[in-house]
Amino acid sequence: MMPVLLVLLLAVVLFGVGFLVKALWWIALAVLVVWLLGFLFHRTGATGGHRTHWYRW
């Protein structure tokens, strides 16, 4: 009985890890799209034509 429970537990853990990795890939893709849009549609500042960034660093 114990080996069956261990195999089921391993299957649940691996399924959870696989789902988490897939979700992280989708989140990374969304962040990449937002970053690219911010990079492509940057604005020029009012003083001297210097470019400003949509992020603060």
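The preceding data block contains the structure.
None of these values were measured; they are calculated from a predicted model.

Considerations on the overall build of the protein
- A tally of helices and strands in the protein yields one helix and zero strands.
- For the protein, buried positions account for 4% of its 57 residues.
- On the protein, roughly 5,700 Å² of surface is accessible, and the fraction owed to carbon and sulfur atoms is 80%.

Structural notes on a nonpolar patch on the surface
- Together, Met1, Met2, Val4, Leu5, Leu6, Leu8, Leu9, Val13, Val17, Val21 and Trp25 give the surface a local cluster of nonpolar side chains, amounting to about 1,200 Å² of exposed area.
- Mapped onto the secondary structure, Val13 falls in helix α1 (residues 2-40).
- Residue classification places Val13 among the partly exposed residues on the basis of a relative accessible area of 43%.

Scoring rules and cut-offs
Residues numbered from 1 in each chain as written. Predicted model: local features only at pLDDT ≥ 70, side-chain atom pairs only at ≥ 80, totals over all residues. Heavy atoms only, no water. Helix = DSSP H or I, 4+ residues; strand = E, 2+ residues; numbered from the N terminus. Buried < 20%, exposed > 50% of the residue type's maximum accessible area, 1.4 Å probe, protein only. Areas by Shrake-Rupley, 256 points an atom, 1.4 Å probe, with all protein chains shown as cover. Patch = residues over 30% accessible without salt bridge, like charges linked within 9 Å, V, L, I, M, F, W, Y side chains within 5 Å. Salt bridge = Lys/Arg side-chain N within 4 Å of Asp/Glu carboxyl O.

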